[in-house]
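This is what each chain is made of:
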Amino acid sequence: MALSVSSASLVSASLGISVYDTQTVTTSAQRVASTAASDTVSISAAAYRKQAASQSQATFTVNSWTSLFDLESGTTRLANGNTQVTTIDGAKMERLEYDNGVLARKETGSITGDRAVWDTEYYDVAGKVTQKAHAELTGLGGTDAETLASLRRDVQWFENGKVVRELHDGMSVQASSVSASLVGGGELGEAATLEDMAGTLTRDYVNSDYQADIVEYENGKVSQTASIHNRLEAENTTNRTSSAVNGLAAWSTAELANTNALTMQFTSYDADGDVLVQSNLTDQVQQGTDLTQTVAVSWYNKGELVRQEEGSLTMEPGEGQSLPERPGILETFGIARETFSGGTPLSADGLLAASREENAGAADTFVDGLSSDMAAGGFNLAEQLAKYRDADNPYQISFTSRTYRDGELAAVSTDTEEVRENLLLKDTGFQTGKGLTEDEFPSMLRSSGHEETAYEDGVVTAQGQVSMREFVKKDDRGVYGLYTHYQGEAGVGADVESLFGTREISLEDVDSEANAASSGMGAKVELVIDDARELFRRLGDTG
């Protein structure tokens with residue numbers, strides 16, 4: 001029986017085998033072909049890759065550290081001035097890093113099938129361990145258009161021989177690529193592999209899910225815990241050719257879509273193990289659609305709740321506007337643009353392997369992009385709105401503060417803000433007159449609200465509320481003007497006083513606390529961000 005297979009170059013690339021090993025695969029295929037003498041069977045490229053992979057597992061394993069992680073035996077000088085000695089022995093790997101002849105870092109690893117395992121230790125000048133890390137990457141060797149891979153890590157930091165910090169995290173990745181030159185009838189051809197797409201213009205899709213739990217210790221007791229969950233759904237267009245295509249430079253990539261969801265939770269404890277502060281922040285942005293952010297902070301005294309503050313913000317892009325950017329593929333994995341935009345699309349395990357090598361396996365790899373965006377102010381949108389009050393996007397903010405006394409609710413205050421598009425401007429166009437000039441005609445209109453309630457023994461003792469809303473209308477002369485309507489009431493039971501009215505001025509001229517909601521929420525978001533960035537900094541410390 002004769003056997004028809006794809007080219008040797010395709011097979012070698014699919015299996016991660018270097019050029020000089022191609023003959024091994026070819027010979028193996030020839031041996032299979034000689035096992036039968038009748039009939040002719042054509043095996044698809046996908047089927048052959050699966051068959052050849054199982055037959056060539058020994059060759060695959062021997063070369064995996066080189067082909068998948070780009071590691072080779074030898075001595076190199078690192079950017080930090082240290083010397084690194086790498087030894088690849090079949091499925092085993094060892095890397096020793098020396099600082100002026102003193103061992104500073106040791107890494108050992110092994111590969112079995114589609115799984116790589118490695119352990120890393122960092123040492124101080126006295127030779128004591130300052131950090132230990134264990135990592136497992138599964139899903140190696142992916143070559144199809146769609147691949148899956150995951151990385152799990154356990155990291156410990158030491159001071160004076162005692163654990164001061166622990167990180168347990170994991171990153172799951174689904175990656176797929178499509179090349180227009182391989183698409184027929186809207187569907188990707190069955191035989192398409194990542195190697196098939198080399199040197200073409202590709203659409204690259206990456207879904208990643210990162211989860212981390214961190215515990216920190218002080219004097220042998222838990223001082224802080226944290227959890228981080230970050231999900232990314234991104235689409236890029238990538239030019240994998242040597243010439244510019246449709247305005248996209250050679251060997252470059254551009255983001256087309258990005259949906260990012262982040263949840264962070266922090267809890268700090270006193271010396272007795274009682275909770276001091278709990279905080280959490282959620283942030284979800286779908287570019288071109290909407291943004292939602294929430295924050296909540298609770299303070300305790302000897303384990304008893306004394307204060308709680310929470311805020312929420314929603315935003316949509318205004319006409320011709322965009323939402324704040326969030327980390328994309330490059331930032332999430334901490335890889336260079338040139339790495340992602342190489343001649344061949346990266347598989348899911350290729351993304352994780354590239355991230356590992358370009359970041360030396362650093363514990364803060366998957367949060368560094370978040371930290372950079374936080375430092376640039378992109379995550380504290382409420383604070384920016386409170387400072388500059390020049391939003392081009394419609395938004396709503398609510399901020400509530402609760403005070404407790406002896407475990408009972410004592411007071412509650414809620415502030416709200418809203419900025420909405422002036423639909424009159426779109427529907428009728430601007431009409432000049434002696435009122436608003438064209439430059440003054442507002443594209444956005446504002447609303448605000450404030451409410452306060454006091455309690456004693458669970459009974460309302462005082463309350464008040466007021467709301468304001470801007471609008472544009474014509475006067476008797478047919479001239480447009482900006483007006484603010486207000487209404488409110490204060491009192492309890494039958495003893496309630498009300499007020500309402502309209503003034504031909506802006507809301508901010510009526511409400512001296514028009515930005516109370518954004519200011520209050522911004523302060524709490526900044527508190528959580530400061531804690532997050534400081535924690536991220538400690539994760540990047542190897543001792």
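Here's what I pulled together on the structure shown here. For every chain, the first residue of the written sequence is number 1, and numbering continues from 1 along that sequence. The predicted origin of the model limits local features to residues at a pLDDT of at least 70 and limits the giving and counting of side-chain atom pairs to 80 or more, whereas totals for whole chains, interfaces and linings rest on all residues. With hydrogens and water stripped out, all remaining heavy atoms of the structure feed into the side-chain values.

**Some thoughts on the packing of aromatic side chains**
- Two aromatic rings from Phe, Tyr or Trp, using only the six-membered ring of Trp, form a pair when their centres are within 6.5 Å; if the ring planes differ by under 30 degrees the pair is stacked, by over 60 it is edge-to-face, and anything between is tilted. All chains considered together, the criterion is met by five aromatic pairs.
- A centroid spacing of 6.0 Å and a plane angle of 75° characterise the contact between Phe69 and Trp118, whose relative ring orientation is edge-to-face. Remark: Trp118 occurs in strand S7 (residues 115-123) and Phe69 occurs in the loop between helix H4 (57-67) and strand S3 (74-77); sequence separation between them is 49 residues.
- Accessible area is worked out with a 1.4 Å probe on protein chains only. A residue is then buried under 20% of its type maximum, exposed over 50%, and partly exposed in between. By relative accessible area, Phe69 is classed as buried at 2%.
- In this structure Trp118 comes out as buried when scored by relative accessible area, which is 6%. Elements are defined by DSSP. Helices are runs of H or I of four residues or more, strands are runs of E of two residues or more, and each kind is numbered from the N terminus.

**Let's talk about the nonpolar core**
- Residue types Ala, Val, Leu, Ile, Met, Phe, Trp, Tyr and Cys, when buried and joined through side-chain atoms within 4.5 Å, form a set referred to as a nonpolar core. Ranked by internal contacts, the top residues of the largest apolar core, which has 74 residues, are Phe69, Met264 and Phe333.
- With nine residues, helix H12 (residues 516-539) is the largest single contributor of residues to this core.
- Contacts of Phe69, omitting those with residues within four sequence positions, involve Ser64, Ile111, Ala116, Trp118, Leu137, Leu140, Ala353, Arg356 and Glu357. Contacts between residues were defined by any pair of non-hydrogen atoms, one from each residue, lying within 4.5 Å.

**Description of the pairing of strand S22 (residues 459-474)**
- The rule for pairing is simple: two strands pair if DSSP sees at least two bridges between them. Here strand S21 (residues 444-456) pairs with S22 via ten bridges, running antiparallel. Note that in S22 the partner of Thr453 across the bridge is Gln463.
- Turn length for the S21-S22 hairpin, with the two strands adjacent in sequence and antiparallel, is two residues, and the turn residue Asp457 shows positive phi of about 55°.
- The pairing of S22 with strand S23 (residues 480-492) spans eleven bridges and is antiparallel. By the bridge assignment, Arg469 is partnered in S23 with His485.
- Between the end of S22 and the start of S23, which pair antiparallel, lie five residues, with Gly478 showing a positive phi angle near 85°.

**Observations concerning the pairing of strand S4 (residues 83-89)**
- Alternating positions in S4 separate cleanly, Gln84, Thr86 and Ile88 being buried on one face and Thr83, Val85, Thr87 and Asp89 remaining unburied on the opposite face.
- Bridging between S3 and S4 involves four bridges; their strand directions are antiparallel. Each residue of the ladder has a partner; that of Thr75, found in S4, is Val85.
- Linkage of S3 to S4, two consecutive antiparallel strands, is achieved through a turn of five residues, within which Gly81 is found at a positive phi near 90°.
- In the sheet, S4 pairs with strand S5 (residues 92-99) via seven bridges, with the strands oriented antiparallel. Counted as the bridge partner of Val85 is Leu96 from S5.

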